[in-house]
Each structure stands twice: as C-alpha cells, then as structure tokens.
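Below are the chains, spelled out letter by letter.
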Amino acid sequence: MRPDSGIAPLSLLLLEDHIADADLLIAELRRAGVKAEVKVVATKAAYVKNLHSGFDAIISDFDLPQFDAKEALSLLHASKLEIPFIVVSGKMGEDTAVDLIKLGAADYLLKDRLARLPQALTSAVAAASFRREKKANDLALRVSEERMRSTIESALDCIVTIDQQSVILDFNPAAEQTFGYEREAVVGRILSETIIPPHLREAHSRGMARFLESGKSRMIGRRVELQGMRADGSEFPLELTVSRLGTQE
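Residues numbered from 1 in each chain as written. Predicted model: local features only at pLDDT ≥ 70, side-chain atom pairs only at ≥ 80, totals over all residues. Heavy atoms only, no water.

J.: It is not clear to me how the overall build of the protein chain should be interpreted in this structure. Could you clarify?
T.: From N to C terminus, the protein chain includes 8 helices and 9 strands. Relative to the compact-globule value of 18 Å for 249 residues, the protein chain shows a C-alpha radius of gyration of 30 Å, a clear excess of over 25%. With respect to the principal axes defined by its C-alpha atoms, the protein chain has extents near 85 × 35 × 30 Å. Within the protein chain, the fraction of its 249 residues that count as buried is 33%. When the accessible area of the protein chain is evaluated, it comes to approximately 15600 Å², of which 53% is carbon and sulfur surface. With 32 positive and 37 negative side-chain charges, the protein chain shows a spacing of 3 Å between the two charge centroids. (Helix = DSSP H or I, 4+ residues; strand = E, 2+ residues; numbered from the N terminus. Rg over C-alpha atoms; globule rule 2.2 N^0.38 Å. Buried < 20%, exposed > 50% of the residue type's maximum accessible area, 1.4 Å probe, protein only. Areas by Shrake-Rupley, 256 points an atom, 1.4 Å probe, with all protein chains shown as cover. Lys, Arg positive; Asp, Glu negative; His and termini not counted. Charge placed at Lys NZ, Arg CZ, Asp CG, Glu CD.)

Following this line, the structure appears as structure tokens:
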C-alpha cells in the first residue's frame, strides 16, 4: 500500500559516505511511494551540526571513515532528541545487530535488502510519534492531577474521595480539621466506618448498592443535609454534595 499523497513528506537525515548507496536508498523510498526530503551527510562534524528536532528519522550506514553507527547513535542520545535511528549496512553480524538494538536503534537492515526499508521507516516513525503523543498526554495528566491536588489541598470545604467500594482514597486538610482524623488514619478505610454515624450506615450501604447496580443516585449533584461523625464519636450536622469522577458506560 502506498502512502496517502496528502501526507507531508518525511524529513530524513541520511548518514552515508557513498553517494551511489545514498542514491539507491532514496530511489527505493521513492519506488515504494514514500515521500521524503533527505539531507545527506558524510562526516561526523556534518552529522553533529544537523542533529536537531526537524528530522523525522535518521538513517545511518554502519561503517563511516571517521566513526560508526554506534557512535552516531550515542551522539543522538547525548543530544536528548527522540528521533528513530535506523542502521543500513553492507554486512552486519548478529551480535552487532543485537548491540545496536540494545543501544536504542529502531531497526537495522542490509543494503542488499533495501526493499524492507520503507516499511521499517514508516513503522519507526509511527512508533516514535506514538511515544511522543503518550509522553505529552502523560505530562498533561500529571499537570491536571497536580492542579487538582492543589485545589483540594487549599479548599475550605471538606473533600473526601472514595471508590466504588466506599474505600476512602483522599481526605483533604479541611476534612482532617472537621472530622478530627489524620489523612493517613482514614485512607484505605471504609467511609461508613469512619465519618458516617452508625444509624445512617445501612442507608448509605443501600444507596451505594443502588448506584453500583444502576449507575444512578439521587444524591449526585444535590446538596443535602445529614449528620456526620467525628473521630471522637460526636455527631454534628453537615451539608453534603456528592460528585462522580469519571464516567460509566
């Protein structure tokens, strides 16, 4: 299958000191329908100069006059760039190939088997794109969680988070002050065994059972008045609003 003509050309850095081999490699990509803009460099100095984030992938000969693919790969790692690195060699032993993969090469192939290059290249670029997207999503999630944590910690209202089994997952400073528990003392415990008075625990259990069965609750989104219980067993009136985090199918 040939790539969609609407896809932007790949930007490739080709480390190759033989012009004829470089031409063959570029011709193989074109024959397979891979659109690519290729920058060819032949020396260590030119390679280092061109190490920047503008390239989608690096393709390197194994043996070069000044250095080899292992050193080129090390220089790439030192630059902190996350660019897939593919090695193409005229001859390569199995041990060398294994070493290259351990060092972080995305793939390797022989020059007499260039027909596999287009697939190896597109797979490596897709994998790198997936990793970057996952890294960005993970970062966004961490930022969101840190922002939520900051909001919870600074909230004047009590915020108590539980899971579907009513196990307490979080207990903010306002809840600590109001109920008289340290966070560490209640996280992991059942909600009804801590801050809910004994005479209301059965109703709470029934309500949780209905919610787990139907996904619906009369409490969600409403502000209700009921009794809470402090660590010393004393009861007091409070206003409660229940919110659901996440979604259920």
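J.: Would you explain the packing of aromatic side chains in this entry?
T.: Any two aromatic rings considered together are summarised by their centre-to-centre distance and by the angle between their planes. Enumeration according to the criterion identifies 3 aromatic pairs in this entry. Here the aromatic rings of Tyr47 and Phe67 are separated by 6.0 Å at their centres, their planes lie at 50 degrees, and the arrangement is tilted. You can see Tyr47 sitting in helix 2 (residues 44-49) and its partner Phe67 sitting in the loop between strand 3 (57-61) and helix 3 (69-78), a full 20 residues away along the chain. Both residues of the pair, Tyr47 and Phe67, belong to the buried class. With a centroid separation of 5.6 Å and 55 degrees between ring planes, the pair formed by Phe179 and Phe236 is classed as tilted. (Phe/Tyr/Trp six-rings, centres within 6.5 Å; stacked < 30°, edge-to-face > 60°.)

J.: Please explain the side chain of Ser192 as it appears in this structure.
T.: Structurally, Ser192 can be placed in the loop between helix 7 (183-186) and helix 8 (198-214). On the accessibility criterion, Ser192 (10% relative accessible area) is buried. Beyond its immediate chain neighbours, meaning those up to four positions away, Ser192 contacts Arg201 and His204. (Contact = heavy atoms within 4.5 Å.)

J.: How should the nonpolar core be read in this particular structure?
T.: Side chains of a nonpolar character, in soluble globular proteins, are inclined to be buried together. With 21 residues, the main nonpolar core has Leu15, Tyr47, Ile58, Leu76, Phe85, Val87 and Leu100 as its most contacted residues. Going through the elements one at a time, strand 1 (10-15), helix 3, strand 4 (85-89) and helix 4 (94-103) are the ones with two or more residues in this core. Counting residues per element, this core draws most heavily on helix 3, which supplies 4 residues. For Ile58, the contacting residues outside a window of four places in its chain are Leu13, Tyr47, Leu51, Leu76, Ile83, Pro84, Phe85 and Ile86. Listed in part, the 18 residues of the second largest apolar core include Leu12, Val34, Ile86 and Ala124. (Core = buried A, V, L, I, M, F, W, Y, C linked by side-chain atoms within 4.5 Å.)

J.: How should the layout of surface pockets be read in this particular structure?
T.: Here the idea is plain: a probe the size of a water molecule rolls over the atoms and shows the empty space left. Reported here for the second largest pocket is a volume of approximately 260 Å³. Surrounding the second largest pocket, 17 residues form its lining, Glu82, Ile83, Pro84, Gly104 and Arg131 being those nearest its centre. Those elements giving two or more residues to the lining of the second largest pocket turn out to be helix 3 and helix 5 (117-154). Per element, the largest residue contribution to the lining of the second largest pocket is 6 residues, and it comes from helix 5. Here the residues of the lining of the second largest pocket sort into 11 nonpolar, 3 polar and 3 charged. (1 Å grid on protein atoms, 1.4 Å probe; cavity = no way out; pocket = protein on both sides within 12 Å on 5 of 7 lines; lining within 4 Å. Points joined across faces, edges and corners; volume = space filled by probe spheres on them. Nonpolar A, V, L, I, M, F, W, Y, C, P; charged D, E, K, R; others polar.)

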